[in-house]
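# Geometric and topological summary
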Amino acid sequence: MDVKLTINNTPITATPGQTILEVARQNGITIPTLCYHKDLSPVGSCRLCVVEVEKWRGQSAACTTPISEGMVVHTESPAIIQSRRLVLELLLQNYYDAGYAMGDRPQDNEFIHWVEHYRVTAPRQAQPRFAVNSDPNPVVWVDFNKCILCTRCVRACAEVQGRFVWGVAERGHQAQIVAGAGVPMLEARCESCGACVAYCPTGALDNRMSVGLGAADRKVLTTCTYCGVGCQLDLNVKDDVPGGRVFRVTSNPNAPVNGMHLCVKGRYGYDFIHHPDRVLRPRVRRYLLQGLPRPEHDRGEWVEVDWDTALGIAAEKLRQTREQHGPDSIGVLTSAKCLNEENYLMNKFARQVIGTNSIDHCARL
Ligand code: SF4
Ligand code: SF4
Ligand code: FES
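Remember, predicted model here, so these are calculated numbers, not experimental data.

## Points about the overall build of the protein chain
When helices and strands are counted, the protein chain shows 10 helices and 16 strands. Scaling as 2.2 N^0.38, a compact globule of 365 residues should have a C-alpha radius of gyration of about 21 Å, whereas the protein chain reaches 28 Å, well beyond that. Seen through its principal axes, the protein chain has C-alpha atoms that stretch 90 × 55 × 40 Å. Counting across all 365 residues of the protein chain, residues that qualify as buried make up 27%. When contacts within the protein chain are restricted to residue pairs at least 6 apart in sequence, long-range pairs at least 24 apart make up 56% of them.

Written out as structure tokens, the structure is:
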């Protein structure tokens, strides 16, 4: 049976079992969050999402409080705003970002977004407590001076990636995020997937290859080229060169197959895009263009040609091989990077055009 409640004087009908935060978001009401992420189990630790429920004592964390019949909720009362400002002020006292202290605005930083939204300033300048770049991980940049102990990295690594690398050591003011028992990430079984980076709301964990490079001029939603799963991701592009330059890959939370999850190849294996050795147009050996027999040793230089020329030469070579040595002298290897339809056509090509059953598929990479 539906639950009827009121949020900010608006009557709402919701589903039993939902939290105040879920119902608010479904109805376009913004409640700020830091430790909460919809993909992760809620812990209700940061208290930024507090709301008032009439006739209830104190303030309640919207991310962990289930709705109930007749509930009357206020999300932006003066007392709530004061509580949120206090939470942010306390966190800001330990948030040290040299760039931010100098006036730079960090990009995609949820924490700073809420600090600025509620116009919070730190009563005193935070001091660095940890070494910047404190872990030698090849793709994850670690700067715990920006850590607010929300534990999203801990839960992302455990619940999304299943690796259990991060944990919280010590208690109270001494509490800090550590890999394993205080060892480098790779020694704690990290597989460099970057999930903890994707879920970190402060930039304490960042992408090493693009740290400090700022915001993208545009993001291009695309499908990963590596395997057949079809994960979607956002290419972050700078338009400072003709055609643009991909300088970072980020998760697209609306990706239907993978959500925020990406593997190390999808998230960090993008340097091939602008590599000078990348083949961008078809090439053939010069002796083939000249119609000469294959040289015994040095097969000569590559020459860029149009697709018709390249395909014409390939077709002629296949035809000659089939005629001289029979259809089973030819094997076809297709790819997980192809669409199903393309692999279907390759199957037809192998069996019906060439006449061989020697066709296989690299479903693995
Ligand atoms: S990079 Fe992936 S495996 Fe490594 S700590 Fe982060 S979430 Fe865990
Ligand atoms: S490193 Fe980032 S995600 Fe992890 S606890 Fe600190 S702020 Fe949260
Ligand atoms: S977002 Fe609800 S307690 Fe942190």
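## A few points about the site of ligand 2
Taken together, 13 residues are adjacent to ligand 2, and Cys147, Cys150, Cys153, Cys200 and Ala204 come closest. Partitioned by chemical class, the residues of the shell around ligand 2 number 10 nonpolar, two polar and one charged.

## As for the site of ligand 1
Around ligand 1, the structure places 15 residues, and the nearest of them are Cys157, Val165, Cys190, Cys193 and Cys196. Where the shell around ligand 1 is concerned, the elements lending two or more residues are helix H5 (152-161) and helix H6 (195-199). For the shell around ligand 1, the leading source of residues is H5, giving three residues. Considering only residue class, the shell around ligand 1 consists of 10 nonpolar, three polar and two charged.

## Concerning the domain arrangement of the protein chain
Taken domain by domain, the protein chain comprises domain 1 (3-76), domain 2 (92-210), domain 3 (218-268), domain 4 (279-318) and domain 5 (326-365). A C-alpha centroid distance of 22 Å is found between domain 4 and domain 5.

## Here we look at the sheet that holds strand E10 (residues 218-223)
Here we have three strands laid out as an open sheet, ordered E10-E11-E12, and antiparallel in their pairing. On the outer flanks of this sheet lie E10 and strand E12 (245-251), each paired with one strand and no other. Between one strand axis and the next, the sheet turns through 35° on average, direction left out of account. Relative to strand E11 (residues 232-238), E10 runs antiparallel, the two sharing six bridges. The partner of Lys219 across the bridge, within E11, is Asn236.

## Examining unusual backbone geometry
For Glu170, which is not glycine, the phi torsion reads 65° and is therefore positive. For Glu170, a count of 9 C-beta atoms within 10 Å puts it in the exposed group. We note that Arg189 has phi near 75°; this positive angle belongs to a residue other than glycine. Secondary-structure assignment places Arg189 in the loop between strand E8 (176-179) and H6.

## Topic: the pairing of strand E7 (residues 166-169)
As defined by bridge partners, E7 adjoins E8 across four bridges and the pair is classed as antiparallel. Pairing of Ala169 across the sheet is with Gln176, part of E8. Linking two consecutive strands that pair antiparallel, namely E7 and E8, is a turn of six residues; a positive phi of about 65° is found at Glu170 within it.

## Topic: the sheet that holds strand E2 (residues 10-14)
Ordered by their spatial adjacency, five strands build an open sheet running E2-E1-E5-E3-E4, and the pairing between neighbours is mixed. What marks the edges here is a single partner per strand, and that holds for E2 and strand E4 (60-61). Direction of pairing for strand E1 (residues 3-7) relative to strand E5 (residues 72-74): parallel, over a ladder of two bridges. In the strand pairing of E5, Ile7 is matched with Val73. Strands strand E3 (50-53) and E5 of the sheet are contacted by helix H2 (residues 78-92), whose axis makes an angle of about 155° with E3.

## Re the pairing of strand E15 (residues 332-335)
Where E15 meets strand E16 (residues 359-362), four bridges bridge the pair, whose relative direction is parallel. Looking at the pairing, Ser335 lines up with Cys362 of E16.

Rules used in this analysis
- Residues numbered from 1 in each chain as written.
- Chains lettered and ligands numbered in written order.
- Predicted model: local features only at pLDDT ≥ 70, side-chain atom pairs only at ≥ 80, totals over all residues.
- Helix = DSSP H or I, 4+ residues; strand = E, 2+ residues; numbered from the N terminus.
- Rg over C-alpha atoms; globule rule 2.2 N^0.38 Å.
- Buried ≥ 20, exposed ≤ 12 C-beta atoms within 10 Å, placed from the backbone.
- Contact = placed C-beta atoms within 7 Å.
- Near = placed C-beta within 6 Å.
- Nonpolar A, V, L, I, M, F, W, Y, C, P; charged D, E, K, R; others polar.
- Domains from an automatic or database assignment.
- Pairing = 2+ DSSP bridges.
- Axes fitted to C-alpha atoms, helices over the stretch in contact; angles between N-to-C directions.

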